[in-house]
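Chain by chain, the residues run as shown.
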Amino acid sequence: MEISIRKSSETNIISLSGSLDIYTSIDLKNFFEQNIDRTNNNVVINLEKLNYIDSSGIGMLIKQLNYVQELSGKFFIANMKPAIEKVFKVAGLTSYFQTLSESEFTSQFP
């Protein structure tokens, strides 16, 4: 999995590509610990290039959502592919995460 970050005003846009699974989820945790803090706490996770996610990956996204909320930040997930979105729906997580469609993401974070 590859992780990249860019800033748009007061928001960190973290793009994931490849697979978020049992083997790579710890990389996401370490990335958050190194890059997200109280002064830099709003996050959008861009899943546009994510091809696969398993339960470990979803668990790690939940942990990072909780981490950002503890820092009083906002956390969004954007650009889910249909297969990824289906996993979120089956797990009952579509109401747990705030999501942005491709058009919402593009208009808010050009």
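Look up: the structure comes first, before these words.
Basis of the calculations
- Residues numbered from 1 in each chain as written.
- Predicted model: local features only at pLDDT ≥ 70, side-chain atom pairs only at ≥ 80, totals over all residues.
- Heavy atoms only, no water.
- Salt bridge = Lys/Arg side-chain N within 4 Å of Asp/Glu carboxyl O.
- Helix = DSSP H or I, 4+ residues; strand = E, 2+ residues; numbered from the N terminus.
- Buried < 20%, exposed > 50% of the residue type's maximum accessible area, 1.4 Å probe, protein only.
- Phe/Tyr/Trp six-rings, centres within 6.5 Å; stacked < 30°, edge-to-face > 60°.
- Axes fitted to C-alpha atoms, helices over the stretch in contact; angles between N-to-C directions.
- Parallel < 35°, antiparallel > 145°, perpendicular 65-115°, else oblique.
- Left-handed = near helix turned anticlockwise from the far one by under 90°.
- Contact = heavy atoms within 4.5 Å.
- Nonpolar A, V, L, I, M, F, W, Y, C, P; charged D, E, K, R; others polar.
- Pairing = 2+ DSSP bridges.
- Right-handed = clockwise from strand over helix to strand, strands pointing away.

A.B. asks: Help me understand the pattern of salt bridges, please; the structure alone is not making it clear to me.
C.D. replies: Two side chains that carry opposite charge are able to pair once their charged atoms sit near each other. This model, assessed by the stated rule, comprises two salt bridges. The closest approach of N and O atoms between glutamate 85 and lysine 89, which form a salt bridge, is 4.0 Å. One end of the pair, glutamate 85, and the other, lysine 89, are both in helix α3 (residues 82-90), four residues apart, so they sit about a helical turn from each other. On the accessibility criterion, lysine 89 (53% relative accessible area) is exposed.

A.B. asks: Explain the packing of aromatic side chains here, please?
C.D. replies: Aromatic ring pairs are defined here through the distance separating the ring centres and the angle between the ring planes. Taken as a whole and assessed by the stated rule, the structure comprises five aromatic pairs. The interplanar angle of 85° and the centroid separation of 5.6 Å between the aromatic rings of tyrosine 96 and phenylalanine 97 together place this pair among those described as edge-to-face. Overall, tyrosine 96 belongs to the partly exposed group, its relative accessible area being 41%. Judged by its relative accessible area of 4%, phenylalanine 97 falls in the buried class. Here the aromatic cluster, defined as three or more aromatic residues joined through ring pairs, consists of Phe32, Phe75, Phe88, Tyr96 and Phe97.

A.B. asks: Would you mind going over the packing of helix α1 (residues 25-35) against helix α2 (residues 55-70) with me for this structure?
C.D. replies: For any two helices packed against each other, one specifies the crossing angle of their axes together with the interaxial distance. Following both chains from N to C, one finds α1 and α2 inclined at 15°, their axes separated by 9 Å at the closest point. By the criterion of interaxial angle, the relationship of α1 to α2 is roughly parallel. By crossing handedness, the relation of α1 to α2 is classed as right-handed. The residues of α2 that touch α1, namely those facing Ser25, Ile26, Leu28, Lys29, Phe32 and Glu33, are Ser56, Gly57, Met60, Leu61, Gln64, Tyr67 and Val68. When the residues that make up the contact of α1 with α2 are grouped by side-chain class, the tally is seven nonpolar, four polar and two charged.

A.B. asks: Can you walk me through the pairing of strand β4 (residues 75-78) in this structure?
C.D. replies: Inspection of the sheet shows strand β3 (residues 42-53) paired to β4 by four bridges, in the parallel sense. By the bridge assignment, valine 43 is partnered in β4 with phenylalanine 75. A crossover connection joins β3 to the parallel β4 through α2; in handedness this β-α-β unit is right-handed. Direction of pairing for β4 relative to strand β5 (residues 98-100): parallel, over a ladder of three bridges. In the sheet register, alanine 78 faces β5, and the bridge partner there is leucine 100. Handedness of the β4-α3-β5 crossover: right-handed.

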